[in-house]
Amino acid sequence: MVGISTKCYDTLNETMVIPFSYTRLVAHGSLTIKQLAAEEGEVIKSVTLTAPTKAMCGSGSVDITTATLSSLDSHSVTVVAPAGSAATESLDLWFCVAPTIIGEGERLKISVKSSRGVYEREIVARSAGINFYRNKYNTLSVDMSSATFTPFEKSETIISAECGFGNSEEVKSVSGDQIEVTFSQNSGSNPPRYYTNGSSI
């Protein structure tokens, strides 16, 4: 919030009552994510709004006399979901961004990060635009049923010394929780073996 005096004064003293007009610097609103094709037990981590042609947040300047932001350096704003937010049919979040209007034909990308991966959908503003006004309650509801999904890459560490092999034991494969590693002799003269000297295969 910014308070601006409604009058100008040449001098001030402790007994003066100075009227102020208050306004917000940013736009606040609610974001509803609907119809996410999530799996049972999946948890939402965050939602990112990206407008390639608009400044949404970041470092910049504030003009106190007009209560406006300028020179912001980011086109994206990320809303962190409360811990344990289940990926249900509808999820409501609160957000704030720099006041902006995404005009007709301009794009807004919605990225939902979950415990499994990232859902993405891009929407194109219609004639009324997608408006984020300050001093107003803004709402944005997005149907994510047509979103693309990119799963996180899975990684796992397998320590051969903890696999229970004996010294010089032949090893054909090693299995973890998510992956299996297979060893082949190919054209070598000896099959793959585990050796306690160096704890390696």
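Model, not experiment: these values are computed from the prediction.

1. A few points about the overall build of the chain
Turning to step 1, where the next piece is worked out: A count of helical and extended segments in the chain gives zero helices and 18 strands.
Turning to step 2, where the next piece is worked out: Here the chain has a C-alpha radius of gyration of 28 Å; the compact-globule value for 201 residues is 17 Å, and the former is much larger.
Turning to step 3, where the next piece is worked out: Dimensions along the principal axes, computed over C-alpha positions, put the chain at roughly 95 × 45 × 30 Å.
Turning to step 4, where the next piece is worked out: Here the chain holds 201 residues, and 28% of them are scored as buried.
Turning to step 5, where the next piece is worked out: Long-range pairs, those at least 24 residues apart, make up 61% of the contacts in the chain between residues at least 6 apart in sequence.
Turning to step 6, where the next piece is worked out: Carbon and sulfur atoms form 48% of the exposed surface of the chain, whose accessible area is close to 13,000 Å².

2. Description of the sheet that holds strand β8 (residues 90-97)
Turning to step 1, where the next piece is worked out: Across the sheet, three strands lie side by side as β8-β3-β13; this open sheet has mixed pairing. The open sheet has two edge strands with one neighbour each: β8 and β13 (137-143). In this sheet, neighbouring strand axes are inclined to one another by 20 degrees on average, regardless of whether the strands run parallel or antiparallel.
Turning to step 2, where the next piece is worked out: Pairing geometry for strand β3 (residues 27-34) and β8, over eight bridges, is antiparallel. Within the sheet, the bridge partner assigned to Ile33 lies in β8 and is Leu91.

3. Description of unusual backbone geometry
Turning to step 1, where the next piece is worked out: Unusually for a residue other than glycine, Ala67 sits at a positive phi of about 55 degrees.
Turning to step 2, where the next piece is worked out: Tracing the chain through its elements places Ala67 in the loop between β5 (61-63) and β6 (68-70).
Turning to step 3, where the next piece is worked out: Positioned with a positive phi, Ser168 is a non-glycine residue whose angle comes to about 70 degrees.
Turning to step 4, where the next piece is worked out: Structurally, Ser168 is set in the loop between β14 (148-151) and β15 (169-170).

4. Concerning the nonpolar core
Turning to step 1, where the next piece is worked out: Judged by nonpolar contacts, the single largest core of 30 residues is most densely connected at Ile33, Leu108, Ile110, Val112, Phe132 and Met144.
Turning to step 2, where the next piece is worked out: Among the elements of the structure, β3, β4 (43-50), β7 (76-86), β8, β10 (107-114), β11 (117-124), β12 (130-132) and β13 are those that each provide at least two residues to this core.
Turning to step 3, where the next piece is worked out: Ranked by the residues each element gives to this core, the list is headed by β8, at four residues.
Turning to step 4, where the next piece is worked out: Dropping the residues within four chain positions of it, Phe132 is found in contact with Ala27, Met56, Phe95, Val97, Ala98, Pro99, Thr100, Ile102, Asn138 and Leu140.

Procedures and definitions
- Residues numbered from 1 in each chain as written.
- Predicted model: local features only at pLDDT ≥ 70, side-chain atom pairs only at ≥ 80, totals over all residues.
- Heavy atoms only, no water.
- Helix = DSSP H or I, 4+ residues; strand = E, 2+ residues; numbered from the N terminus.
- Rg over C-alpha atoms; globule rule 2.2 N^0.38 Å.
- Buried < 20%, exposed > 50% of the residue type's maximum accessible area, 1.4 Å probe, protein only.
- Contact = heavy atoms within 4.5 Å.
- Areas by Shrake-Rupley, 256 points an atom, 1.4 Å probe, with all protein chains shown as cover.
- Pairing = 2+ DSSP bridges.
- Axes fitted to C-alpha atoms, helices over the stretch in contact; angles between N-to-C directions.
- Core = buried A, V, L, I, M, F, W, Y, C linked by side-chain atoms within 4.5 Å.

So yeah, pure geometry; function would need other evidence.
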